[in-house]
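# Survey of secondary and tertiary structure
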Amino acid sequence: MSTPVLVPQLVLASGSRTRAAMLEQAGVSAVLDRPLVDEDEVKAAGRAEGVSADIVAEALAELKAQRITRRHPGALVVGADQMLECEGRWYDKPADRAAARAQLLDLRGKTHRLVSCAVVVRDGERMWHRIDSARLTMRNFSEAFLDDYLDRVGDDVLHSVGAYQLEGLGAQLFHRVEGDFFTILGLPLLPLLGFLRVHGVGKE
């Protein structure tokens, strides 16, 4: 009788429904465990030190994974983060509809960059990471269109750093998109799946 192969447990250190759905739809099961991380503090430190959005996204992704790894001995823990920068300014997830409206008006007619990073940690040891970015150009939509958009999407607009969901009605906001679709959704999924397959998670 052959010995069964033990598949490492996978933990997603995130509360993101979108990231969890991406893994699930790719056939990868993960336990969700949301870390408590003061993202504002990390971003403020990054601004003070003059580092790039890429570095901050990486720092936040690893911090999230490290916060969770001690609760899941032996598991592969994926931390992820996304940063949005436009003309030198960093944007956060909007707190309410008014903030989402103001943010989308700021981004209207401009090109912004989304940076997504994933870090994998096991028992406190960083095993892998990947940073990817995409460039998105919003069209000059009218304020009437924007208000209709916000009415139709409701609170879903609060769940993404850009106050839009490109996989849905948010596609109507854009003139041009350059980059990997999964990266825009918040996870460099294909490289992550490649790493996970090597470590026994997913199909070879």
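Up top is the structure these notes are about.
As the structure is a computational prediction, the values presented were derived from the model and not from experiment. (Residues numbered from 1 in each chain as written. Predicted model: local features only at pLDDT ≥ 70, side-chain atom pairs only at ≥ 80, totals over all residues. Heavy atoms only, no water.)

### What to know about the pattern of salt bridges
- Going through the model one piece at a time under the given rule, you end up with 15 salt bridges.
- A salt bridge links D92 to K43; the shortest N-O distance between them is 2.5 Å. With D92 in the loop between β4 (89-91) and α4 (97-107) and K43 in helix α2 (residues 39-49), the pair connects residues that are 49 residues apart, well separated along the chain.
- Taking the relative accessible area as the measure of exposure, D92 reaches 31% and is therefore partly exposed.
- Residue R113 is joined to E85 by a salt bridge in which the shortest nitrogen-to-oxygen separation is 2.8 Å. Placement of the pair is R113 in strand β5 (residues 111-122) and E85 in strand β3 (residues 76-86), with a sequence separation of 28 residues.
- Residue classification places R113 among the buried positions, given a relative accessible area of 19%.
- Each of the salt bridges in this network shares a partner with another, and the network as a whole consists of E39, K64 and D81. (Salt bridge = Lys/Arg side-chain N within 4 Å of Asp/Glu carboxyl O. Helix = DSSP H or I, 4+ residues; strand = E, 2+ residues; numbered from the N terminus. Buried < 20%, exposed > 50% of the residue type's maximum accessible area, 1.4 Å probe, protein only.)

### Looking at unusual backbone geometry
- Phi at D123 takes a positive value of approximately 50°, unusual for a residue other than glycine.
- If you trace the backbone, D123 turns up in the loop between β5 and β6 (125-138).
- One non-glycine residue, A163, adopts positive backbone phi at about 60°.
- Mapped onto the fold, A163 is located in the loop between α5 (143-153) and β7 (174-178).

### Comments concerning the pairing of β6
- As paired strands, β5 and β6 are joined by 12 bridges and run antiparallel to one another. Looking at β6, one finds that H112 is bridged to L136.
- Count of turn residues in the β5/β6 antiparallel hairpin: 2 residues, of which D123 carries a positive phi of about 50°.
- In this sheet, β7 lies alongside β6 in antiparallel orientation, the contact comprising 4 bridges. Looking across to β7, one finds that R135 is bridged to E178. (Pairing = 2+ DSSP bridges.)

### With respect to the packing of aromatic side chains
- Throughout the structure, instances matching the rule amount to 4 aromatic pairs.
- Taken together, a centroid distance of 5.4 Å and an interplanar angle of 25° make the contact between W128 and F195 stacked. Residue W128 is located in strand β6, and its partner F195 is located in helix α7 (residues 189-198); the two are separated by 67 residues in the primary sequence. The burial state of W128 is the same as that of F195; both residues are buried.
- Measuring from centroid to centroid gives 4.8 Å for Y164 and F174, while their planes differ by 80°, and the two rings are edge-to-face. Here Y164, found in the loop between α5 and β7, pairs with F174, found in strand β7; they are 10 residues apart in sequence, far enough to count as distant. (Phe/Tyr/Trp six-rings, centres within 6.5 Å; stacked < 30°, edge-to-face > 60°.)

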